[in-house]
Amino acid sequence: MAGTKRQQAIRKALRALAPGIPLSDADAVLALAERRHMKDLPPSTALWLALGSHVRHVHTDYERLMGEGYDRDAARFFVADETDAVLAGWGCQRSVSEGDDAED
């Protein structure tokens, strides 16, 4: 496996957390988790934040809700079940409702 130790740790965390994620989504999540502003976070935390953000922005109505004037917290509330359903479909046992995922 190529890449830095951090990149390897992030990939390992993704395989453990969402083993059924499609490759195109996995590539996007990995790119988010490896962004500069995530570098000070533990790899597993960066991965979880990136995974939640990707699903929220790409696989739910979050962007539409934000465009309609909902604030971030309200939009997240309304897409939480849909976000969890996508994650569960990828084999994820964790829920966005379980904790604070402040990254956007």
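Residues numbered from 1 in each chain as written. Predicted model: local features only at pLDDT ≥ 70, side-chain atom pairs only at ≥ 80, totals over all residues. Heavy atoms only, no water.

Caption draft 1: Examining helix 1 (residues 5-17) more closely. Taking 1.5 Å per residue, 13 residues should reach 18 Å; helix 1 reaches 18 Å between its end C-alpha atoms and fits that length. If you check which residues of helix 1 are buried, you get Ile 10, Ala 13, Leu 14 and Leu 17. Taken end-on, helix 1 shows its buried residues confined to a sector of 100 degrees, consistent with a single buried face. What points out from helix 1, more than 90 degrees from its buried face, is the exposed set Lys 5, Lys 12 and Ala 16. Buried residues belonging to helix 1 abut helix 2 (23-33) and helix 3 (43-59). (Helix = DSSP H or I, 4+ residues; strand = E, 2+ residues; numbered from the N terminus. Expected span 1.5 Å × (residues − 1). Buried < 20%, exposed > 50% of the residue type's maximum accessible area, 1.4 Å probe, protein only. Arc of directions from axis to C-beta. Contact = heavy atoms within 4.5 Å.)

Caption draft 2: Broad picture of the nonpolar core. Judged by nonpolar contacts, the single largest core of 24 residues is most densely connected at Leu 14, Ile 21, Leu 47, Leu 51, Leu 87 and Trp 90. Every element with two or more residues in this core is listed here: helix 1, helix 2, helix 3 and helix 5 (72-89). Each residue touching Trp 90, except ones within four places of it in the same chain, is listed here: Ala 18, Pro 19, Gly 20, Ile 21, Pro 22, Asp 25, Leu 51, His 54, Val 55 and His 59. (Core = buried A, V, L, I, M, F, W, Y, C linked by side-chain atoms within 4.5 Å.)

Caption draft 3: Layout of the packing of aromatic side chains. One pass over the structure, following the stated rule, counts 2 aromatic pairs. Between the aromatic rings of Phe 77 and Phe 78, the centroid separation amounts to 5.3 Å while the plane-to-plane angle is 75 degrees, which identifies the pairing as edge-to-face. With relative accessibility at 62%, the residue Phe 77 sits in the exposed group. Grouped by ring-pair contacts, the aromatic residues Tyr 70, Phe 77 and Phe 78 constitute a single cluster. (Phe/Tyr/Trp six-rings, centres within 6.5 Å; stacked < 30°, edge-to-face > 60°.)

Caption draft 4: Here's a closer look at helix 3. Here helix 3 spans 23 Å end to end across 17 residues, near enough to the 24 Å set by a 1.5 Å rise per residue. Taken as a whole, helix 3 has its buried residues at Ala 46, Leu 47, Trp 48, Leu 49, Ala 50, Leu 51, Gly 52, Ser 53, His 54, Val 55 and Arg 56. Contact partners of the buried residues in helix 3: helix 1, helix 2, helix 4 (62-67) and helix 5.

Caption draft 5: The packing of helix 1 against helix 2, seen in detail. At a closest axis distance of 10 Å, the pairing of helix 1 and helix 2 adopts a crossing angle of 135 degrees. Here helix 1 is positioned oblique relative to helix 2, judged by the angle of their axes. Handedness of the helix 1/helix 2 crossing: right-handed. Touching Arg 6, Ile 10, Arg 11 and Leu 14 of helix 1 are Ala 26, Val 29, Leu 30 and Ala 33, all from helix 2. Residues that form the contact of helix 1 with helix 2 fall into these classes: 6 nonpolar, no polar and 2 charged. (Axes fitted to C-alpha atoms, helices over the stretch in contact; angles between N-to-C directions. Parallel < 35°, antiparallel > 145°, perpendicular 65-115°, else oblique. Left-handed = near helix turned anticlockwise from the far one by under 90°. Nonpolar A, V, L, I, M, F, W, Y, C, P; charged D, E, K, R; others polar.)

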